[in-house]
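# Survey of secondary and tertiary structure
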Amino acid sequence: MEGPPEPMNTQDARQVSRDRSSPVRTMRAAVLTGAGRVRVDRVPVPEPKTGEVRVRLEGCGVCASNLGPWAGPDWMRFPTRPGDLGHEGWGVVDAVGEGVGTLKPGDRVATLFYDSYAEYDVGPESLAVKLPSGLDGKAFPGEPLGCAINVMRRSDIRPGQTVAIVGAGFLGLLLIQLARQAGARVIAVSRRGFARDMARRNGAEMALPLDDEGSALRAVERLTAGRLCERVFEVTGKQVGLDLAASLAAVRGRLIVAGYHQDARQVDMQQWNWRGIDVINAHERDPAIYVRGMAEAIDAVLAGGLRPEPLFTHRFPLERLGEALDATRDRPDGFLKALVTM
Ligand SMILES: NC(=O)c1ccc[n+]([C@@H]2O[C@H](COP(=O)([O-])OP(=O)(O)OC[C@H]3O[C@@H](n4cnc5c(N)ncnc54)[C@H](OP(=O)(O)O)[C@@H]3O)[C@@H](O)[C@H]2O)c1
Ligand SMILES: [Zn+2]
């Protein structure tokens, strides 16, 4: 079996996309072969087309949205494309296609490419955001950090407001940091004791268990003299989280649904209607908005308002992507977010 590709200097790298006569180089890429099964294959290194850049990835975040495919539902087709499902990559540009204007080999970037469980991935220049030197050596899965910024933008939090965050997972904890930074008083609600500890460490004044809906609601009523919360974020993607989040919203409050709800849900329309709450489904579809969020996340991390590093609790080499996905699903004690490194 061949070894990994030799590291290239910038001069070599620049020539890769133009020198078609050079022998095909290969890279390691993860391929899902069935429910809960993954292997690492050797496949050709992709070539950047017009307007695209190729990135030698340093790592890629493991996203909760991978868990659907990992469970192997009927609609899933195996084997997957090499690298498929990895969309939280970061690394160094090593080749550029024709017409690429702003990025050049050697630039360190966060990417919104889609085959990033691999040593290299390619994508449009417009979906790569340059990382400043202040982030050298640091992991930067741009997509989820950009999502936190984008969710926050739709919340309209004002200083002094009481904000409840239901679900202190990776996104919930980032939102706790940002809401605190915006001057809100933050109450977190989450299932695991570890998540609640992390919520307190990241700025929540109080962290309540999600297992008993009645007790969390009563505690918030006591804390707010019955007024409840001007802003509530639902960040679990589960019916139980949605129910509790809605019950915590004050009259004329705002419920920001950040969780993905792919299954059918029921809502208490009578309660929503009586309280006159604003309900925001805080998801984006336009890649340009994701990229804007990623760029703003870079600024927020540099300014210290967003602190993702302590939330990267688990790192796995690409060969152990299966363990990373299992941990993302099983959420063992001490787990928050997995990164795979190449
Ligand atoms: N709006 C966006 O742009 C955006 C971006 C990324 C993700 N999302 C969505 O936001 C949600 C959270 O994402 P994430 O990245 O933070 O995921 P995550 O780190 O896996 O966190 C999952 C959260 O859901 C809670 N949870 C999981 N299963 C639960 C259950 N059965 N009952 C109660 N709580 C449960 C977890 O609580 P414990 O940790 O306490 O167990 C944790 O707070 C997901 O629905 C995800 O798809 C939205
Ligand atoms: Zn993601």
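Here's a quick rundown of the structure. No experiment lies behind these values; they were computed from the predicted model shown.

The next point concerns the overall build of the protein. The helix and strand tally for the protein stands at 10 helices and 15 strands. Taking 2.2 N^0.38 as the reference for a compact globule, 342 residues should give roughly 20 Å; the C-alpha atoms of the protein span a radius of gyration of 21 Å, in line with that estimate. Taking the principal axes of its C-alpha atoms as reference, the protein extends roughly 75 × 40 × 30 Å. Burial status across the protein gives 54% buried among its 342 residues.

To continue, consider the packing of helix H3 (residues 142-153) against helix H9 (residues 287-303). As a packed pair, H3 and H9 sit with axes 7 Å apart at the nearest point and diverge in direction by 95°. The orientation of H3 relative to H9 falls into the category roughly perpendicular. Seen from H3, the contacting residues are Gly 142, Glu 143, Leu 145, Gly 146, Cys 147, Ile 149, Asn 150 and Arg 153; seen from H9, they are Ile 289, Tyr 290, Arg 292, Gly 293, Met 294, Glu 296, Ala 297 and Ala 300.

All of the protein donors around the zinc ion (ligand 2) are Cys 63 (SG), His 87 (NE2), Glu 88 (OE) and Glu 143 (OE); their distances to the metal are 2.2 to 2.5 Å. Geometry at the zinc ion (ligand 2) is irregular, judged from the 4 donor atoms that bind it and their angles of 88 to 160° at the metal. Going along the chain, you hit the donors of the zinc ion (ligand 2) in the pattern C-x23-H-E-x54-E. Residue Cys 63 is found in the loop between strand E3 (52-61) and helix H2 (67-70), and its partner His 87 is found in the loop between H2 and strand E4 (89-96); the two are separated by 24 residues along the sequence. The same class applies to Cys 63 as to His 87, namely buried.

Here we take up the nonpolar core. The biggest cluster of nonpolar side chains holds 63 residues, and the ones touching the most others in it are Val 53, Phe 140, Ile 165, Ile 176, Phe 233 and Leu 306. Not counting residues within four places of it along the chain, the set of residues in contact with Val 53 comprises Pro 48, Val 93, Ala 95, Val 96, Val 100, Leu 103, Phe 113, Asp 121, Val 122, Gly 123, Glu 125 and Ala 128. Residues Ile 187, Val 189, Leu 255 and Val 257 belong to the second largest nonpolar core, which totals 23 residues.

Turning to the site of ligand 1, a few remarks are in order. Of all residues adjacent to ligand 1, which total 24 residues, the nearest are Leu 171, Ser 190, Tyr 260, Ala 282 and Arg 331. Within the side chain of Ser 190, one N or O atom sits 2.7 Å away from an oxygen atom of ligand 1. A distance of 2.8 Å is found between an oxygen atom of ligand 1 and a side-chain nitrogen or oxygen belonging to Arg 331. Only H3 and helix H4 (170-181) provide two or more residues apiece to the shell around ligand 1. Tallied by class, residues from the shell around ligand 1 come to 13 nonpolar, 7 polar and 4 charged.

The topology assignment puts Leu 112 in the loop between strand E5 (108-111) and strand E6 (120-124). Using a relative accessible area of 2% as the deciding quantity, one classes Leu 112 as buried. Separated by 17 residues in sequence, Leu 112 and Val 129 have C-alpha atoms that sit 8.7 Å apart. In this structure Leu 112 touches His 87, Leu 127, Glu 143, Pro 287, Tyr 290 and Met 294, once residues within four positions along its chain are discounted.

Running from N to C, H3 and H4 point in directions that differ by 50°, and their axes come no closer than 10 Å. When the axis of H3 is compared with that of H4, the two are oblique. In the crossing of H3 with H4, the sense of the turn from one axis to the other is right-handed. On H4, the residues that touch Pro 144, Leu 145, Cys 147, Ala 148, Ile 149, Val 151 and Met 152 of H3 are Phe 170, Leu 171, Leu 174, Leu 175, Leu 178 and Ala 179. Of the residues in the contact of H3 with H4, the class split is 13 nonpolar, no polar and no charged.

If you check H9, its first and last C-alpha atoms are 24 Å apart, about what 17 residues at 1.5 Å a residue would give, namely 24 Å. Next to the buried residues of H9 lie E5, strand E7 (128-130) and H3. Where H9 begins, the side chain of Asp 286 points an oxygen toward the backbone nitrogen of Ala 288, at a separation of 2.9 Å. Two residues or fewer after H9 comes Gly 304, characterised by a positive phi angle close to 90°.

Judged from the 3 bridges that link them, E3 and strand E15 (residues 338-341) form a sheet pairing that is antiparallel. The residue bridging Gly 59 from the neighbouring strand is Thr 341, located in E15. Sheet topology note: the strand E14 (residues 314-317)/E15 ladder contains 4 bridges and is parallel. For Arg 315, the partnering residue across the bridge sits in E15 and is Leu 339. On the question of chirality, the crossover connecting E14 to the parallel E15 by way of helix H10 (residues 321-330) is right-handed.

The rules behind each value
Residues numbered from 1 in each chain as written. Chains lettered and ligands numbered in written order. Predicted model: local features only at pLDDT ≥ 70, side-chain atom pairs only at ≥ 80, totals over all residues. Heavy atoms only, no water. Helix = DSSP H or I, 4+ residues; strand = E, 2+ residues; numbered from the N terminus. Rg over C-alpha atoms; globule rule 2.2 N^0.38 Å. Buried < 20%, exposed > 50% of the residue type's maximum accessible area, 1.4 Å probe, protein only. Axes fitted to C-alpha atoms, helices over the stretch in contact; angles between N-to-C directions. Parallel < 35°, antiparallel > 145°, perpendicular 65-115°, else oblique. Contact = heavy atoms within 4.5 Å. Donors = N, O, S within 2.8 Å, 3.2 Å for Na, K, Ca; no water. Tetrahedral: all angles 85-135°; square planar, octahedral: opposite > 155°, others 65-115°. Core = buried A, V, L, I, M, F, W, Y, C linked by side-chain atoms within 4.5 Å. Near = heavy atom within 4 Å. Polar contact = N/O pair within 3.5 Å; in protein donor to acceptor, adjacent residues only side chain to side chain. Nonpolar A, V, L, I, M, F, W, Y, C, P; charged D, E, K, R; others polar. Left-handed = near helix turned anticlockwise from the far one by under 90°. Expected span 1.5 Å × (residues − 1). Pairing = 2+ DSSP bridges. Right-handed = clockwise from strand over helix to strand, strands pointing away.

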